[in-house]
Structure formats: C-alpha cells, structure tokens
Amino acid sequence: MLFFSVVAIQGLPDGLHPTPPMGWTSWNTFFEENSEQKMISQADAIIELGLDKVGYNILTIDDFWQLPSRDNETGRMIPDPAKFPNGILSLSNYFHDRGLQIGIYSSAGRFTCSGNLPGSLSYEATDVEMLLEYEIDYFKYDNCYPRLDGSTNIAGGGVYIDWEKSAEHLPSIWQSPSEESRYSVMAEEIAKVKDQRNISLELCAWGFGNVETFGPAMAHLWRTSPDVADNWNSLLYNIDVNDENRYRQDGVQGPNSGWNYPDGLFVGKGGMTDAEYRTMFALWCLVKSPLMLGTDMTKMTRDSEAYKIITNPWLIAVNQDQLGVQGQCLKDCCSHGSVGGVLGASGCVHFHHSWQVWGGPLEGGSFVIVVVNRFEEEKQVSMNWNLDAKIPPGLYTVEDLWSGEVVDEALSGGEDWEGGAYKAILPAHDNLAFKLTPV
Ligand code: GLA
C-alpha cells in the first residue's frame, strides 16, 4: 500500500521565503466581510503596533472580494465596487507605500469556496495578468469546485472526491481532477512572469492530493489541514495533522522547499483562553508554520496578552530559525498512527489525555522543546530531557522562551542516567517552551 510517495523534491529556485512568511489574513478575522476600508484600517493598525517591524508584513484579501461574474469582454474578475470602491491597485499602492505586501485569493476551481464567485480554473493566464496589473505580492490559491461545470459529489462540500485515489493514498484525500493537475497550471503561469514580478504562491490544498509531493516544486507554502477554527480541539487537530509523517520527509519542508501550513492564527480573537493561544503560537512557531494573524488588529493593544504572544521575540526567532527544520511531536503523540496520519479525535487515545513533548533542532546545535498540557486540569510535568525530549546527552543551558531568561543548566542523559527530571506544574492547555543550547 502506498501512503506517501518518497520522491526527491526540488524546491523552487527563487529563494523567496527562506523562512516562513508572516502576515495577516482577512479570512480568520472577518470571513466574507472584507473591504478596502477594513484592509486599510488593518494595515494602519499593524504599522501603529509595530507588527510590520516584527515581520508581519503580508496582508491578504481572502475570498469574497470579487463580483459573481467576470467581465464579458476581458474575462477578468471584477472587484466588488461596494467593498473595494477604488479598486485593488489603489489598495496595493497604499500597502506598498507603507512597506507592506498585498495578497489576494482565488480557487483552482469553477468557483471559490464561496460557492458562487468565480474561481480561476481555465482562466489562469488571465488571472496572472490581473495579479501583475494589481501589483500583487502573494497569491492564495484554494481548492474548491475542482470541476469546470462546478459539480460536487459531497453535499454542500464544494469538493469532488475521487474515492478510489483517496483510498489508495490515505491519509490524503484526492479530488478529480487532481490537485497537482490544477495547481501546476497556475504555478506555470506565475513562473512565466517571474522576470516581471515575484509572486508568492500559497496552495490552499488542505493536504489533499498529496500536496507534499508537488507543493515544494511549485509553491512557497501549502495548507496541510482543514480550516482551523477558533477553538482548542481545532487547534490540536490541525497541529496533529500537520505532524503526519508525510509532511516531515526530507525535502518536503525547509528553506529550499517551502513551508507546511496548518492554517492561520487566531491569537486574540476571543474563542480560546490566553493559555490556549500561547500554546497555539508556541506550536506554530515550533513547526515552522507561516504565521498569519487572524484577528482585528484595530482592537489590539500593546498591553494585551495577545500582543505579548504574537510579538514574543524568542518564539519568533525559533519560527524564523535559519535551519528551518519542522519540530515534531516526540512524546504521547496523536500524529504518528499506523497509516502515518491522524485518524480523527476519537482515533487518538492521547487526544485529550496527556502532556506531550514537541521538539526539534535549531541552527548551531540548539534545540527547541515545547511541553503541552492537553489535560483539562493542571499537571505535574516530570520530563527526562533525553528520553522524553530526545535531547542528546550533554550539558545545556535552558532558556525559557516565554520570559527569555536562562532558567537552568541541565544535563541530558541516556537510558541508565539517574540525574533526575525537569519538573514543573503546568496549567490546563498551557505550555512550557525552552531553547536548550550546548554549554
Ligand atoms: C476555504 C479555505 C479558507 C478560506 C475559505 C474562503 O475554506 O480553506 O482558508 O479561504 O475557503 O471561502
């Protein structure tokens, strides 16, 4: 049986995102209620809060920016004049004048996921001309309505699932026509205009069509999971799916390949507790996910916990680490099932019941470790750096990535080592984050 293809994947040679891109997206913030005025207010707020200086500089207009019909004569998509009265180029200029980048959205389908707004299937060249005309920097390309007639075989789902291929390629779902066949047409059109404009490409593939086998060759980032929602279970599900073996094969992810993306952040939006948002941010940083904010920045203040979370310099440094290796679950994992995938909340015995350890290497021989309490109550963590966190034997400084302080010097030892464990009380749904550097 084939669960993932082991292929030597060559990343895009353009070197556009040697570290995960960072920005803000209208989708998680406003859903279909986007507009020029809102985009401008968000841009102003991001600058006012200094978030562009921290790295959040790509602002993306998601779905629902366009009218239901294309222009009869030119075939072009038309921005909804009620929402974008001055058109997209004027917004683009506004962003560029302020050192920001602008992203826009379409789908590799007959419609976008809206269900009735035009997608780009069979209009790829026309739509890339539009990206050039609007001076777009970043293009999010969704996966709804893959058939030219707009048909779907899942009620209300906007997808056309190829059941046979999906069964062959578990845990990946495939559509008909395949993701690769549709995405590659757009990627080629974007590649053709490279000498005029570098456009970052996000494949919003939800992990379908084994995106890990072709994403790195044609795009800068690709969604590995379904849409994240502003709640704890959704956060856990998406980060577990993103940890499937298929996404951590050599060549799938990193500075020369591109970035696995478990979807945007919700930090500050209000559906989760501060502890849960801290955990979301720490894990997204650890797995080297693109960091796309998804909350109304005009409501954020510098003294809020959300602001402290999204500007945490030590975790952002982990996310932007030059080595670019995706950290993974190391203890009590829900993601390394027998088919190399997450089978759903009920399929994972640890889903709600364990404190986990996640970790991975950083540039210069250091390691990042994030301990997550998935229990509903506080837990006593007692961690052996070597057995639980896979830190090679040796002496390390331990830096707390929530305070930036060196809190300990720790010895990591092997099987027979009796040097004791790292102990801490960890509140429900919260995390501990550390950088260990060899002394
Ligand atoms: C899909 C995508 C989301 C968002 C919506 C817009 O669900 O996965 O990120 O773009 O479509 O309709």
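Residue numbers restart at each chain and count upward from 1, following the sequence in its written direction. At least 70 in pLDDT is required for a residue's local features to be given in this predicted model, at least 80 for side-chain atom pairs to be given and counted, and no such filter applies to totals for whole chains, interfaces and linings, which use all residues.

### Brief notes about the sheet that holds strand S13 (residues 394-400)
Pairing between two strands requires that DSSP report at least two bridges joining them. Note on conventions: DSSP H or I runs of at least 4 residues are helices, E runs of at least 2 residues are strands, and numbering of each starts at the N terminus. Strand order in the open sheet formed by six strands is S9-S10-S11-S16-S13-S14, and the pairing between neighbours is antiparallel. The strands lining the two open edges of the sheet, one partner per strand, are strand S9 (328-331) and strand S14 (406-412). Averaged over all adjacent pairs, the angle separating strand axes in this sheet is 30 degrees, with direction ignored. Across the sheet, helix H10 (residues 274-286) is in contact with strand S10 (355-361), strand S11 (367-373) and strand S16 (431-438); its angle to S11 comes to roughly 150 degrees. Here an angle of 0 to 180 degrees is reported between the N-to-C directions of two axes, which are lines fitted to C-alpha atoms, with helices fitted over the stretch in contact. Contact criterion: two residues are in contact if their C-beta atoms, reconstructed from the backbone, are within 7 Å.

### With respect to unusual backbone geometry
Following Leu-170, the chain continues to Pro-171 via a peptide bond in cis, the omega torsion being 5 degrees. Here the residue pair Ser-176 and Pro-177 is connected by a cis peptide bond, since its omega of -5 degrees sits within 30 degrees of zero. The residue Pro-177 is located in the loop between helix H6 (163-168) and helix H7 (179-192) in this model. Notably, Ser-122 is not glycine yet its phi reads approximately 75 degrees, a positive angle. Mapped onto the elements, Ser-122 comes out in the loop between strand S3 (101-107) and helix H5 (124-133). Comment: burial labels come from other C-beta atoms within 10 Å of the residue's own C-beta, placed from the backbone, where a count of 20 or more is buried, 12 or fewer is exposed, and between is partly exposed. The exposure class of Ser-122 is partly exposed, given the 13 C-beta atoms found within 10 Å. For His-429, which is not glycine, the phi torsion reads 65 degrees and is therefore positive.

### What about the environment of Asn-153?
Along the chain, Asn-153 turns up in the loop between strand S4 (138-142) and H6. Classification of Asn-153 by C-beta neighbours within 10 Å gives partly exposed; the count is 13. Between the C-alpha atoms of Asn-153 and Tyr-105, which are 48 residues apart in sequence, the distance is 24 Å. Setting aside anything within four residues of it in sequence, one finds Asn-153 in contact with Tyr-160 and Ile-161.

### Quick word on the domain arrangement of the protein chain
The source of the domain bounds is an automatic or database domain assignment. Per the domain assignment, the segments of the protein chain are domain 1 (22-324) and domain 2 (331-438). Distance from the C-alpha centre of domain 1 to the C-alpha centre of domain 2: 30 Å. Listed as interface residues are 26 residues of domain 1 and, on the opposing side, 26 residues of domain 2. Looking at the side of domain 1 that touches domain 2, the elements that each hand over two or more residues are helix H9 (232-242), H10 and helix H12 (313-319). Examining the composition of the side of domain 1 that touches domain 2, we find that seven residues originate from one element, H10, more than from any other.

### Describing the packing of H5 against H7
The contact between H5 and H7 brings their axes to 9 Å, and the two run at 45 degrees. When the axes of H5 and H7 are compared, the pair comes out oblique. Both H5 and H7 take part in a crossing whose hand is right-handed. Contacts from Glu-124, Ala-125 and Val-128 in H5 reach Val-185, Met-186, Glu-189 and Ile-190 in H7. Gly counts as polar in this scheme, as do all residues outside two lists: the nonpolar Ala, Val, Leu, Ile, Met, Phe, Trp, Tyr, Cys and Pro, and the charged Asp, Glu, Lys and Arg. Residue composition of the contact of H5 with H7, by class: five nonpolar, no polar and two charged. By definition in this entry, angles of less than 35 degrees are roughly parallel, angles greater than 145 are roughly antiparallel, angles of 65 to 115 are roughly perpendicular, and the rest are oblique. Handedness of a crossing follows from how the near helix is turned relative to the far one, being left-handed for an anticlockwise turn of less than a right angle and right-handed for a clockwise one.

### Some remarks on the sheet that holds strand S6 (residues 221-223)
Taking strand neighbours across the sheet as the criterion, the eight strands line up as S7-S6-S5-S4-S3-S2-S1-S8 in an open arrangement whose pairing is parallel. The outermost strands of the open sheet, each flanked by one partner alone, are strand S7 (259-261) and strand S8 (291-293). Strand-to-strand, the axes of this sheet are offset by a mean angle of 25 degrees, without reference to chain direction. Here S6 pairs with S7 via three bridges, running parallel. For Leu-221, the partnering residue across the bridge sits in S7 and is Trp-259.

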